[in-house]
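The chain contents come next:
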Amino acid sequence: MTNLEIIKSTYEGKTSEENGKNLAKHVAQNISWTEAKGFPYAGTYIGLESVTENVFMRLGSEWIDYKFTPEDYIANENKVVAYGTYSGTYKKTNKYFESRVAHIWKLSNGKIISFEQFVDSKLVNEAIR
C-alpha cells in the first residue's frame, strides 16, 4: 500500500471499527499523536493504547456521531495531509458543531509514526459549554 492508501484506510472504512482496525494495523508502536492546543483532548500521546484511552474512548463516550469527514488528501513522500470537517453533538449539552480540520500524518516504512491535528477548537469548545 502507498502512504496515501494507508491513511485513507483509517478514514474510509465502512464503519468506525474498520477504520480503527486499519489504524491499529499501520501504526508504529511508539506513534506520537498530538491533539491541538485548545482542543478538549489537547496533548501529545505516545503509543496507540494512550491515544485510544485519552482520545478515542472519550470521543466515543462524550459525543453523539462525532466524526471527521475528509474532503481531500495531499500526499508527498513520507507525509499525508487529510483535511475536511469534524462534526458531532456533545451529549451533556446536546449542542451540535461543525469545524474545519487538517491532520498531518508522517510515515516511515509503511508505518504511521506521527499524527498532528489542526482544528478550530473554539467551535468544538462552544458545543461543550
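The shown structure was predicted, so the numbers you read here are calculated from the model rather than taken from an experiment. (Residues numbered from 1 in each chain as written. Predicted model: local features only at pLDDT ≥ 70, side-chain atom pairs only at ≥ 80, totals over all residues. Heavy atoms only, no water.)

## Re the nonpolar core
Ile7, Trp33, Trp63, Trp105 and Ile112 are the most contacted members of the largest nonpolar core, which has 31 residues in total. When contributions to this core are tallied by element, the ones reaching two or more residues are helix H1 (3–9), strand E1 (27–35), helix H3 (48–62), strand E3 (63–76), strand E4 (79–90), strand E5 (95–108), strand E6 (111–119) and helix H4 (121–128). When sequence neighbours within four positions are dropped, the list of residues in contact with Trp63 reads Tyr41, Arg58, Gly88, Thr89, Tyr90, Lys91, Phe97, Val124, Ala127 and Ile128. (Core = buried A, V, L, I, M, F, W, Y, C linked by side-chain atoms within 4.5 Å. Buried < 20%, exposed > 50% of the residue type's maximum accessible area, 1.4 Å probe, protein only. Helix = DSSP H or I, 4+ residues; strand = E, 2+ residues; numbered from the N terminus. Contact = heavy atoms within 4.5 Å.)

## Concerning the pairing of E1
As paired strands, E1 and E6 are joined by 4 bridges and run parallel to one another. The partner of Val27 across the bridge, within E6, is Ile112. The pairing of E1 with strand E2 (residues 43–46) spans 4 bridges and is classified as antiparallel. Directly across from Thr34, in E2, lies its bridge partner Thr44. (Pairing = 2+ DSSP bridges.)

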